[in-house]
Amino acid sequence: MAKIKLEYIWLDGYFPTQNMRSKTKVEEHENFQGTVEELGMWSFDGSSTKQASGGASDCLLKPIAIYPDPARINGYLVMTEVLNADETPHVSNGRATIDDDDDDFWFGFEQEYFIMDTKTQLPLGFPIGGYPAPQGMYYCSVGGLHTHGRLLVEEHANLCIDAGLNFEGINQEVASGQWEFQLFAKGAKKAGDEIWIARYLLDRLTEKYGFYIEYHPKPLGRDMDWNGSGMHANFSNHVLRTCGDKEIYGKICEAFRPVVKEHIAVYGEFNDQRLTGLHETASIHDFSWGVSDRGASIRIPIIAVQKGWKGWLEDRRPASNGDPYKIAGRIIKTVKSANIS
């Protein structure tokens, strides 16, 4: 028998931006294979996370994905869904709303974020009482003059890969101290699981560096001449991957036009500060789509066109602090509503 450490991770009830919570369960197992089927449900005090009242405080944690924890001996990361005491999905459970049980939808998320210094409360590279050189030289830069936080970012990439996530890349972004990582999964629920596990590993890693991660889409303020942070959602289903039809692509894009408000409602808090029509964004008040257009709401990648209208679409509106479960759920609902029969 060996003792293993199971880190149960869940999303709390804060609205509109949920936070990650976690706690460790130590169990004895013989020949543990690291599967969800070997795990039991657990509970927590929902009155401390805005998910229950004190008089009926128990909420349940249902394991839905498990990954090796590369930073712990005999450790595992367990992503969970929050259930009510009667085992129905809690109102805060965005994963349960995703209509993709057959994994027809594939998602690739581009997660941008700022690395912040806990002492200065500023992004790395920002001097106290002033500003670094204007953006332009930081994007995909190399060297100590413009590149800040690489040690943390490289360590995070290694942790994600060692945990078995389908981690696809990293790069420094346009502003000082701003970075991005990319993840892809076949299946909307799996894509959301892996983004949350990657965020967990990133946030936990900052504890030893004296940093913290800022997911606010515009942490330097609406009027600052710096790019904000997004979480671009690249998505496809069987139709987009195989149709070979420009008209069908157009119909799917147009299905998003009448439900702009419904998408913005789940695309992240403070997104109005980022979606201004400047800094490679479309205005939050407009909707547009176009081939290779990074100023559009939805971009049709040039590769999809070159392959004969077979590929994917990129929704550029989601903010960096958005919930990938809710984002994917809303995108799937809209794509399925398109009149392409």
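All values reported here derive from a predicted model rather than from experimental measurement.

Definitions and cut-offs
- Residues numbered from 1 in each chain as written.
- Predicted model: local features only at pLDDT ≥ 70, side-chain atom pairs only at ≥ 80, totals over all residues.
- Heavy atoms only, no water.
- Helix = DSSP H or I, 4+ residues; strand = E, 2+ residues; numbered from the N terminus.
- Rg over C-alpha atoms; globule rule 2.2 N^0.38 Å.
- Buried < 20%, exposed > 50% of the residue type's maximum accessible area, 1.4 Å probe, protein only.
- Disulfide = S-S within 2.5 Å.
- Axes fitted to C-alpha atoms, helices over the stretch in contact; angles between N-to-C directions.
- Parallel < 35°, antiparallel > 145°, perpendicular 65-115°, else oblique.
- Left-handed = near helix turned anticlockwise from the far one by under 90°.
- Contact = heavy atoms within 4.5 Å.
- Nonpolar A, V, L, I, M, F, W, Y, C, P; charged D, E, K, R; others polar.
- Polar contact = N/O pair within 3.5 Å; in protein donor to acceptor, adjacent residues only side chain to side chain.
- Phe/Tyr/Trp six-rings, centres within 6.5 Å; stacked < 30°, edge-to-face > 60°.
- Lys NZ or Arg CZ within 6 Å of the ring centre and 35° of its normal.
- UniProt positions renumbered as here; feature names shortened; annotations may be inferred.
- Domains from an automatic or database assignment.
- Buried area = accessible area lost by both parts, 1.4 Å probe.
- Salt bridge = Lys/Arg side-chain N within 4 Å of Asp/Glu carboxyl O.
- Expected span 1.5 Å × (residues − 1).
- Arc of directions from axis to C-beta.

A.B. asks: Any chance you could explain the overall build of the chain here in plain terms?
C.D. replies: Counting secondary structure elements, the chain contains seven helices and 14 strands. For the chain, whose C-alpha radius of gyration is 20 Å, the value lies close to the compact-globule estimate of 20 Å for 341 residues. In terms of principal-axis extent, the alpha carbons of the chain reach across some 55 × 55 × 40 Å. Put simply, the chain has 341 residues, and 53% of those count as buried.

A.B. asks: Would you explain the state of the cysteines in this entry?
C.D. replies: Note on terminology: disulfide describes a covalent bond linking the sulfur atoms of two cysteines. All chains considered together, the criterion is met by zero disulfides. Cysteine C243 remains unbridged, with the sulfur of C253 as its closest cysteine sulfur at 11 Å. For C243, a relative accessible area of 24% puts it in the partly exposed group. Given the relative accessible area of 0%, C253 is considered buried.

A.B. asks: Help me understand the packing of helix α1 (residues 150–162) against helix α2 (residues 188–206), please; the structure alone is not making it clear to me.
C.D. replies: The packing of two helices is summarised by the inter-axis angle and the distance between the axes. For the pair α1 and α2, interaxial distance at closest approach is 10 Å and the crossing angle is 135°. Between α1 and α2, the crossing angle belongs to the class labelled oblique. Crossing angle aside, the handedness with which α1 passes α2 is right-handed. Residue-level inspection shows L152, E155, H156, L159 and C160 of α1 in contact with α2, the latter providing A198, L201, L202, L205 and T206. Residue composition of the contact of α1 with α2, by class: seven nonpolar, two polar and one charged.

A.B. asks: Honestly, the side chain of D193 in this entry has me stumped. Any pointers?
C.D. replies: Mapped onto the elements, D193 comes out in helix α2. There is a polar contact of 2.9 Å between the side chain of D193 and the side chain of R95. A distance of 2.5 Å separates polar atoms of two side chains, one belonging to D193 and the other to Y325. When residues no more than four places from it in sequence are discounted, the contact partners of D193 are I64, A65, Y67, M79, R95 and Y325.

A.B. asks: Would you take a moment to explain the packing of aromatic side chains for this structure?
C.D. replies: The geometry of an aromatic ring pair is captured by two quantities: the separation of the ring centres and the angle between the planes. Counting across every chain of the model gives 14 aromatic pairs. Chaining the aromatic ring pairs together yields one cluster made of F107, F109, F235 and F256. The ring centre of W196 lies 4.5 Å from the NZ or CZ of R199, which sits over that ring.

A.B. asks: It is not clear to me how the environment of K25 should be interpreted in this structure. Could you clarify?
C.D. replies: Take K25: it is sitting in strand β2 (residues 20–29). Taking the relative accessible area as the measure of exposure, K25 reaches 18% and is therefore buried. Each C-alpha atom of the pair K25 and N158 lies 25 Å from the other, and the pair is 133 residues apart in sequence. Each residue touching K25, except ones within four places of it in the same chain, is listed here: I4, K5, L6, Y8, M41 and W42. Among the polar contacts made by the side chain of K25, one reaches the side chain of E27 at a distance of 3.3 Å.

A.B. asks: What exactly am I supposed to notice about the UniProt feature "domain: GS beta-grasp" (unreviewed entry) in the chain here?
C.D. replies: Within this numbering scheme, the UniProt entry marks residues 4–87 as carrying the feature "domain: GS beta-grasp" (unreviewed entry). The span residues 4–87 carries 0% helix and 50% strand; its end-to-end C-alpha distance comes to 26 Å.

A.B. asks: Looking at this structure, I do not really get the packing of α2 against helix α7 (residues 324–337). What am I missing?
C.D. replies: In the contact formed by α2 and α7, the axes pass within 8 Å of each other and the chain directions differ by 160°. By the criterion of interaxial angle, the relationship of α2 to α7 is roughly antiparallel. As α2 runs across α7, the sense of the crossing is right-handed. Contacts between α2 and α7 involve A188, K189, G192, D193, I195, W196 and R199 from the first element and P324, Y325, A328 and I332 from the second. Of the residues belonging to the contact of α2 with α7, the class tally is seven nonpolar, one polar and three charged.

A.B. asks: I tried to follow the domain arrangement of the chain on my own but got confused; where do I start?
C.D. replies: Size of an interface: often given as the accessible area lost when the parts come together. Segmentation of the chain into domains returns domain 1 (2–93) and domain 2 (106–338). Here domain 1 and domain 2 have C-alpha centroids that lie 26 Å from each other. Counting from both sides, the interface comprises 17 residues of domain 1 and, opposite them, 18 residues of domain 2. Of the roughly 1,600 Å² buried where domain 1 meets domain 2, counting both sides, 67% is carbon and sulfur surface. Among the residues domain 1 hides against domain 2, the three largest losses belong to M20, Y67 and P70. Together they make up 35% of the total. At the junction of domain 1 with domain 2, the criterion picks out one salt bridge. Between D69 and R204 there is a salt bridge whose closest N-O contact spans 2.8 Å. Our count for the contact surface shared by domain 1 and domain 2 stands at four residue pairs in polar contact (both at pLDDT 80 or more).

A.B. asks: Even after reading the chapter, I still don't get α1, so can you show me in this structure?
C.D. replies: Each full turn of the α-helix corresponds to 3.6 residues, which orients residues three or four apart in the same direction. The end-to-end C-alpha separation of α1 is 18 Å, in line with the 18 Å expected for 13 residues at 1.5 Å each. For α1, the complete set of buried residues consists of L152, V153, H156, A157, L159 and C160. The buried residues of α1 occupy one face: seen down the axis, they fall within an arc of 165°. Facing away from the buried side of α1 by more than 90 degrees, the exposed set consists of L151 and D162. In this structure, the buried residues of α1 make contact with β6 (106–117), β8 (167–172), β9 (178–186), α2 and β10 (211–214).

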